[in-house]
Amino acid sequence: MSVISVNCNLKGMPLPNARTAADEDTLIRHAAGLSRFARWLLEAEPGLLPAASVRAPLGADEMRARLAATEITDETSLKRALRDLRKRVMLRVITRDLCGLATLEEVVATVSALADIAISTAVAHLERWLAVEYGKPIGKDSGRAQKLHVVGMGKLGGAELNVSSDIDLVFVYPEDGETRAARALSNHEFFIRFARRLIALLNEITADGYVFRVDMRLRPLGADGPLACSFGMLENYFVTQGREWERYAWSKARVVYGDRTQELTELVRPFVFRRHLDYSAFESLRELHREVRREVERREIHDNIKLGPGGIREIEFIVQLFQLIRGGRDAALREPRTLAVLPLLAERNLLPHAAVQELTDAYRFLRNLEHRLQYLDDKQTHALPENAGDQALIAAAMGCADYAALRAQLEQHRGNVTRHFDGIFAASKDDAHPLAGLWRAGDAGKNLDALRELGYRAPQQTLARIAALRDSNRVRLMPQASHARMEQLVPLVIEIAARQSNPDATLERMLLLLESISRREAYLALLLQYPGAIERGAQLANASPWAADYLARHPILLDELLDTTTLFAAPDWPQLKSLVRRRLDETAGDDERQMDELGHFKHAQTMRLLAQDLAGKLPLEKLSDHLSDLADLMLDEVLRLTWQGLRSRHCEEPRFAVVAYGKLGGKELGYASDLDLIFLYQDAAPEAPANYARLAQRLNSWLGSLTPSGVLYETDLRLRPDGAGGLLVSTVEAFADYQHKHAWVWEHQALTRARAVAGDRDIGRRFEAIRVDVLRQSRDLGQLRSEVVAMRDKIFDAHPNTSGRFDIKHDRGGLIDVEFIVQYLVLGHSHRHAELTGNIGNLALLKLAARLGLIEENAALAAHAAYRRLRQLQHARRLQGDKYARVEAALLEPEIAAVKKLWASVLGKPVS
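Quick caveat, the model's predicted, so the values are computed rather than measured.

Q: Break down the overall build of the chain for me, citing the residues and quoting the values.
A: A count of helices and strands for the chain gives 38 helices and 14 strands. Out of the 912 residues in the chain, the part that is buried amounts to 56%. Across the chain, contacts joining residues at least 24 apart in sequence account for 75% of those joining residues at least 6 apart.

Below is the structure:
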């Protein structure tokens, strides 16, 4: 167990190893010395804790077995059996815990199991008894018998009950209807009676004590609502009346008893976990915490280790904040146990590892202290004792030298919690920003002067743009809370944009972003909570209008700007593949959610690469490699999911492969490149042709469908055999036959940069063998030259350029010329030089051709440098949002000349 001070150590007590009955008696006496409750139980009923029983936890099976062996004939005997079980469980837990034999996890799991079993046993008996009294409740719509569903909330829901906890319950039933009896009751009345009897069974204090105190205030409408409600009523309540704090309460909800658990869970989930990243949770939990603090102040309970500063509740608030923000997109974060979620926050870089460790240590310390306070008298207390005797007992129970040592360690833990809590929940300043007047319709002259002083070069236009946003319908119709956030945000954005090299354009682009998210309160909340995201967004907007537009079209990517460690980390594709596969599998069966998840994942990785690219951290070739790796990953996952979703599939794994040509085939993919794909299969099953045709259609549909996260990729399937008129999928043999006997030279040119990117690896290897074999055919160089030149002329004619500027891709001396030179060299000389068939990229192939003596070395190096420069400039123009990558020819005079010179030496003088 990790602790801060050597003075307190729960496992450092000099206790026997409990190998003999005498040793076990010593353990029991030790526990009784630290717990008046344990001592009272042992004095009242010495047989409750056999000495041998302390050797092991009291598990759920043993609890059920004890109840099963008890004769239960009515509610009186049931009450007695449940209360007897509680006493036995509590004695075992107290002894094992106070003697250092039990972990915190064991303690809370045992008490939570007791609650689950007590509830389930009571409900099962009441079901039978009430059916005799009133008849079985039958659903009006289904005609099926209805069961009471017991939902555990709070610490019961999280299976982390404390040892003297009450239990928060909500009672629901699936359908309205009535009982089958001579005097029928409505299902509503039946289950309310059921609820009252169940509460009494658990909560009522008898001569044997009680089982659990029951708190029903978390039900719909609280103390004013009915004790039980139907699924339909619960759902309607969430939609029409559910409050923000109730999302927090329901985040730990767990169905303890019922036969339609999945249905109920799915009903609750959309209310608690939003499909988008919900940063509005900050303010909701902040306000809830303010209420707790006010209550602490009013009752003067600052030393309360649950509600006071740095207490248990603040740790739970931190955990639940991230759950509410991200649980809709990350199912793992819906885990209700606090100790299970904390390490996930570190794994996802949501909190630093050191912070998570401190919060974990504090949580363990506080929960153990909570239990020792409650062991004294079986009271639901979180207050530190005031008398010296109890202080000494608690210090000893915590393994501390004295009470002063306990307080010192407690204050250190609470200080850590408060520091992290305040750092996470720090509210934006309420003071008016010095530039607030720019958002309000105030003194125009004063506002223009302010913009000039900030460095804006066109203050009149800038002020008009701010006013246009303020007066737009989208902004005017926003809720009041969003208005308040916008009023805080715009001055901040103006200030940050002014620090960029092009403030006017940056602000214009950032205002477009604000306009795009004006109806999305969660994103406004995100930017206010994390001003650093505004800074990084402004840097992107300053560098690239395309990047700013990308962010405005996909505002969920603002989340990627929060953590620079993640934003600028090199992608680990195997790890990312595992991550996206886990998230996709969590939404199995929901095509729309899976397509949306794929889109979000693709855009998130693209944004990270874009940020690194604009920061100068990624060479263009490396960027293209990463974008190609991302596309490969996406294709592999889409293929997997579309095959799984094909009802007519005839085998577990498809004998099918996806082959990429063009930019993806040559690993030169850009941000907005489409994918040139063909589909191959090798399968003798009679169903194979039809199934793989359906698979290809479905795969292509998934890639191109518009979802809330946008389109994954535009695709072009015209490079398949016989083009647009050919079959969508081909067998490997048919593809080989076509390439050897029917393909045009331009189709062989396309093969120079083609590769299998997803699917069956054996088919991928066979494709590669066919590709190499076709490329290594001996060709007449004169005829080949004529056909390559003719195709180049055709492409040139199809892209007329009357702009007076040089088109980097299509004009003579541009990128296509270099690509055609390389393709000619590969097709013309691979029969003698097999290494030319390697899909190693145009730059590497130019150098290889020079080493082989096929082209003059200086000319190759000049063209190599020119091609790299042309690609970089094309990429830069695309980032500036240009539809066509065109520049003044004078800027590229040496590069154009180098390409034309190599073309002339290899393919002859081009036609102008």
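Q: Report on the packing of helix α34 (residues 781-798) against helix α35 (residues 815-829), specifying residues and quantitative values.
A: Two elements in contact, α34 and α35, have axes separated by 10 Å at closest approach and are oriented at 155 degrees. With respect to their mutual orientation, α34 and α35 come out roughly antiparallel. Crossing of α34 against α35: the hand is right-handed. Here Leu781, Leu784, Arg785, Val788, Met791, Arg792 and Ile795 of α34 come into contact with α35, specifically with Ile816, Asp817, Phe820, Tyr824, Leu827, Gly828 and His829. Each residue belonging to the contact of α34 with α35 can be placed in one class, and the counts come to nine nonpolar, two polar and three charged.

Q: For the packing of aromatic side chains, give the residues involved together with the corresponding values.
A: Scanning all chains against the criterion turns up 18 aromatic pairs. Each ring, one from Trp643 and one from Tyr692, has its centre 5.6 Å from the other, and the planes form 20 degrees; the classification is stacked. With Trp643 in helix α28 (residues 620-644) and Tyr692 in helix α30 (residues 688-704), the pair connects residues that are 49 residues apart, well separated along the chain. Where Phe656 meets Phe679, the ring centres are 5.8 Å apart and the plane angle is 20 degrees; that geometry is what we call stacked. Taken together, the residues span a long stretch of sequence, with Phe656 in strand β8 (residues 656-661) and Phe679 in strand β9 (residues 675-681) at a distance of 23 residues.

Q: Hey, could you go over unusual backbone geometry for me, with residue numbers and the actual values?
A: At Ala159, a residue that is not glycine, the phi angle is positive and equals roughly 55 degrees. Counting through the fold element by element, Ala159 comes out in the loop between α6 (154-157) and β3 (167-173). Its identity as a non-glycine residue notwithstanding, Leu221 has a phi of 70 degrees, on the positive side. Mapped onto the elements of the fold, Leu221 is located in the loop between β5 (214-215) and β6 (228-230).

Q: With reference to specific residues and values, describe the nonpolar core.
A: Membership of the largest hydrophobic core comes to 173 residues, with the highest contact counts inside it found for Trp250, Leu369, Leu514, Phe656 and Leu677. With twelve residues, the top contributor of residues to this core is α28. Not counting residues up to four positions away in its chain, the partners in contact with Leu369 are Ile305, Leu384, Ile394, Met398, Leu406 and Leu410. The next biggest cluster of nonpolar side chains, apart from the first, holds 71 residues, and it includes Ala38, Leu49, Leu198 and Val256.

Q: So what's going on with the pattern of salt bridges? Which residues, and what values?
A: By the definition in use, this model includes 72 salt bridges. Between Arg553 and Asp549 there is a salt bridge, and its shortest N-O distance comes to 2.8 Å. Placement of the pair is Arg553 and Asp549 together in helix α24 (residues 545-553), with a separation of four residues, close to one helical turn. Here Arg640 ties to Glu637 by a salt bridge, and the two come within 2.8 Å at their closest N and O atoms. Of this pair, Arg640 and Glu637 both sit in helix α28, three residues apart, which is roughly one turn of the helix. Across the pair, exposure class does not vary: Arg640 and Glu637 are buried alike.

Q: With reference to specific residues and values, describe the packing of helix α26 (residues 573-586) against helix α27 (residues 591-614).
A: Packing of α26 against α27 leaves a shortest axis separation of 10 Å and a crossing angle of 155 degrees. By the angle class used here, α26 and α27 are roughly antiparallel. In this structure, α26 crosses over α27, and the sense of that crossing is right-handed. Contacts between α26 and α27 involve Leu576, Val580, Arg583 and Leu584 from the former and Gln594, Glu597, Leu598, Phe601, Gln605 and Arg608 from the latter. Taken together, the residues that form the contact of α26 with α27 break down as five nonpolar, two polar and three charged.

Q: So what's going on with the environment of Ser142? Which residues, and what values?
A: Within the secondary structure layout, Ser142 lies in the loop between β1 (137-139) and β2 (149-153). Under the relative-accessibility criterion, Ser142 is labelled partly exposed at 35%. As for Ser142 and Gly437, which are separated by 295 residues in sequence, their C-alpha atoms are 62 Å apart. Polar side-chain contacts of Ser142 include one of 3.1 Å to the backbone nitrogen of Arg144.

Q: Go over the confidence of the model for the chain, please, and point to the residues and values.
A: Per-residue confidence for the chain gives a mean pLDDT of 92; residues scoring 70 or more make up 97%. Across the chain, the element-wise mean pLDDT spans from 77 in helix α11 (residues 281-299) up to 98 in β8. Within the model, the stretch residues 1-6 combines pLDDT values under 50 with eleven contacts to residues more than four positions away or in other chains. The low-confidence segment residues 12-16, where pLDDT is below 50, has twelve contacts with residues more than four positions distant or belonging to other chains.

Q: Tell me about the side chain of Arg348, residues and numbers included.
A: Considering the arrangement of structural elements, one finds Arg348 in the loop between α13 (338-347) and α14 (353-377). Sequence-distant contacts of Arg348, that is, excluding residues within four places in its chain, are made with Asp330, Ala332, Leu333 and Arg582.

Q: Account for the environment of Ser120, naming residues and giving values.
A: Looking at the secondary structure, you find Ser120 in helix α5 (residues 104-134). Assessed through its relative accessible area of 23%, Ser120 is described here as partly exposed. Residues Ser120 and Gly258 lie 138 residues apart in sequence; the distance between their C-alpha atoms is 8.9 Å. Beyond its immediate sequence surroundings of up to four residues, Ser120 is in contact with Val256 and Tyr257. Among the polar contacts listed, one links the side chain of Ser120 to the backbone oxygen of Asp116, at a separation of 2.8 Å.

Q: Describe helix α31 (residues 732-741), naming the residues involved and giving the relevant values.
A: Within α31, the full set of buried residues consists of Val732, Phe735, Ala736, Tyr738 and Gln739. Buried residues in α31, looked at end-on, bunch into an arc of 165 degrees, giving them a common side. Contacts from the buried residues of α31 go to β8, β9, β11 (729-731), α32 (745-751) and α33 (761-775).

Criteria and cut-off values
Residues numbered from 1 in each chain as written. Predicted model: local features only at pLDDT ≥ 70, side-chain atom pairs only at ≥ 80, totals over all residues. Heavy atoms only, no water. Helix = DSSP H or I, 4+ residues; strand = E, 2+ residues; numbered from the N terminus. Buried < 20%, exposed > 50% of the residue type's maximum accessible area, 1.4 Å probe, protein only. Contact = heavy atoms within 4.5 Å. Axes fitted to C-alpha atoms, helices over the stretch in contact; angles between N-to-C directions. Parallel < 35°, antiparallel > 145°, perpendicular 65-115°, else oblique. Left-handed = near helix turned anticlockwise from the far one by under 90°. Nonpolar A, V, L, I, M, F, W, Y, C, P; charged D, E, K, R; others polar. Phe/Tyr/Trp six-rings, centres within 6.5 Å; stacked < 30°, edge-to-face > 60°. Core = buried A, V, L, I, M, F, W, Y, C linked by side-chain atoms within 4.5 Å. Salt bridge = Lys/Arg side-chain N within 4 Å of Asp/Glu carboxyl O. Polar contact = N/O pair within 3.5 Å; in protein donor to acceptor, adjacent residues only side chain to side chain. pLDDT = per-residue confidence, 0-100. Arc of directions from axis to C-beta.

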